[in-house]
Amino acid sequence: MTEKFCNDQLTDAFIERRAALEENYAVICERIAAAAIRSGRKPEEITLLGATKTVPVPLINHAIELGLEHIGENRVQELMDKYDAILPCDKQFIGVLQTNKVKYLIERVSLIQSVSSLRLAKEISRLSTLQNTTTSVLLEVNIGKEESKSGFLPEELEENVAAIAELPGLQVNGLMTIPPICENSYDLRQYFSLMHKYFIDIGRKKSDNVNMNILSMGMSADYETAIECGATMVRIGSLLFGPRILHQNY
Ligand SMILES: *Cc1c(COP(=O)(O)O)cnc(C)c1O
């Protein structure tokens, strides 16, 4: 580890954040387990992914020491900066991805969760094939059809799954979404349940290169609801690591 990371570790603020993380991690694991059981599943059927954007490496590493197995970064540059200093764990990509940055992710992450266009899928396929590897991806769905969000519109999903399934060097492992901000839990459940329906429907078709086993939905504010509606993976940032401090050096 670099000196910077070691120095950070000694500050009172860091020690406080670390203590909070320990408590948060225990509570979140318990709540995930309870929500799994409420939805008729086993706790181990739900994967917790730590969303680590802006989180300093020593804090990420402490989470890994506590037992966190999967992390997801949002920005390619931040992932690259932190990569070598993060303890061994499963690393994924969950952010908006430009085609010219795909090259940095091949063989660096186990899963790209945020495939939001056929063009992006084709570039992942092209570079994976060049490197003789297969990249696992999730297709991001813009379930609320929001202008501000990326992802496939629900009505485009079926034809795009079919087109992407044809591409070599790429395997579709499921779906990911960030639902609209909802005023009530009824609307939120509608979005999550619709995602679950697409997940099941696509899975039933059993095409080659499509292996629907991950439904990634639910964040700090709504992960329990997401699990109740069928999520197999929740991506939790601020509730686990504390509020994001903008403009800080990670
Ligand atoms: C930041 C982020 C999360 C986690 O958000 P929190 O509300 O802090 O839990 C999950 N998924 C994606 C794609 C994110 O960018």
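The structure we're discussing is the one just above.
This report concerns the structure included in the present document. (Residues numbered from 1 in each chain as written. Predicted model: local features only at pLDDT ≥ 70, side-chain atom pairs only at ≥ 80, totals over all residues. Heavy atoms only, no water.)

Structural notes on helix α3 (residues 57-66)
- Most of α3 is tucked away, with 8 of its 10 residues classed as buried.
- All buried positions along α3 are accounted for by V57, P58, L59, I60, N61, H62, A63 and I64. (Buried < 20%, exposed > 50% of the residue type's maximum accessible area, 1.4 Å probe, protein only. Helix = DSSP H or I, 4+ residues; strand = E, 2+ residues; numbered from the N terminus.)

As for the side chain of T225
- Tracing the backbone shows T225 in helix α8 (residues 223-228).
- Assessed through its relative accessible area of 15%, T225 is described here as buried.
- Leave out the neighbours within four places in its chain, and T225 touches L188, R189 and F192. (Contact = heavy atoms within 4.5 Å.)

Details of the packing of helix α6 (residues 154-165) against helix α7 (residues 185-205)
- One can describe the packing of α6 onto α7 by two numbers: an axis separation of 12 Å at closest approach and a directional angle of 20 degrees. Here α6 is positioned roughly parallel relative to α7, judged by the angle of their axes. The way α6 lies across α7 gives a crossing that is right-handed. Contacts between α6 and α7 involve P154, L157, E158 and V161 from the former and Y198, I202 and K205 from the latter.
- In the contact of α6 with α7, the residues fall into 5 nonpolar, no polar and 2 charged. (Axes fitted to C-alpha atoms, helices over the stretch in contact; angles between N-to-C directions. Parallel < 35°, antiparallel > 145°, perpendicular 65-115°, else oblique. Left-handed = near helix turned anticlockwise from the far one by under 90°. Nonpolar A, V, L, I, M, F, W, Y, C, P; charged D, E, K, R; others polar.)

A short note on unusual backbone geometry
- Even without glycine at this site, E107 takes up a positive phi of about 70 degrees.
- Note on placement: E107 falls in the loop between β3 (90-93) and β4 (111-115).
- Even without being glycine, K206 reaches a positive phi, approximately 50 degrees.
- Tracing the chain through its elements places K206 in the loop between α7 and β7 (210-216).
- Residue K206 is classed as exposed on the basis of its relative accessible area, which comes to 70%.

Observations regarding the packing of aromatic side chains
- Inspection of every chain in the model, using the stated rule, returns 0 aromatic pairs.
- The positively charged end of K91 is found above the aromatic ring belonging to Y83, 4.7 Å away from the centroid.
- The residue whose ring lies beneath R108 is Y83, and the NZ or CZ to ring-centre distance is 5.8 Å. (Phe/Tyr/Trp six-rings, centres within 6.5 Å; stacked < 30°, edge-to-face > 60°. Lys NZ or Arg CZ within 6 Å of the ring centre and 35° of its normal.)

Some details on the side chain of H62
- Residue position: H62 is located in helix α3.
- In contact with H62, not counting residues within four places along its chain, are R18, L21 and E22.

Concerning the site of the ligand
- Looking at the ligand, the residues that line it are A51, K53, N74, I94, I178, M219, S220, R235, I236, G237, S238 and R244.
- One of the side-chain nitrogen or oxygen atoms of N74 is found 2.7 Å away from an oxygen atom of the ligand.
- The contact in question runs from an oxygen atom of the ligand to an N or O atom on the backbone of S238, over 2.8 Å.
- Expressed as a share of its isolated accessible area of 390 Å², the protein-covered part of the ligand is 90%. (Near = heavy atom within 4 Å. Polar contact = N/O pair within 3.5 Å; in protein donor to acceptor, adjacent residues only side chain to side chain. Areas by Shrake-Rupley, 256 points an atom, 1.4 Å probe, with all protein chains shown as cover.)

Focus on α6
- The terminal C-alpha atoms of α6 lie 17 Å apart, and with 12 residues this matches the ideal 16 Å at 1.5 Å per residue to within 8%.
- Residues of α6 that are buried include every one of P154, L157, N160, V161, I164 and A165, and no others. One side of α6 holds all its buried residues, which, seen down the axis, span an arc of 125 degrees. Away from its buried face, by an angle of more than 90 degrees, α6 presents the exposed residues E155, E158 and E159.
- In the core, the buried residues of α6 are packed alongside α5 (118-130), β5 (135-141), β6 (170-177), α7 and β7. (Expected span 1.5 Å × (residues − 1). Arc of directions from axis to C-beta.)

What about the packing of helix α2 (residues 12-38) against α3?
- α3 packs onto α2 with a crossing angle of 35 degrees between their chain directions and a minimal axis gap of 10 Å. Considering only the axes of α2 and α3, their crossing is right-handed. Seen from α2, the contacting residues are F14, R17, R18, L21, E22 and Y25; seen from α3, they are P58, L59, H62, A63 and L66.
- Of the residues assigned to the contact of α2 with α3, the class counts are 7 nonpolar, 1 polar and 3 charged.

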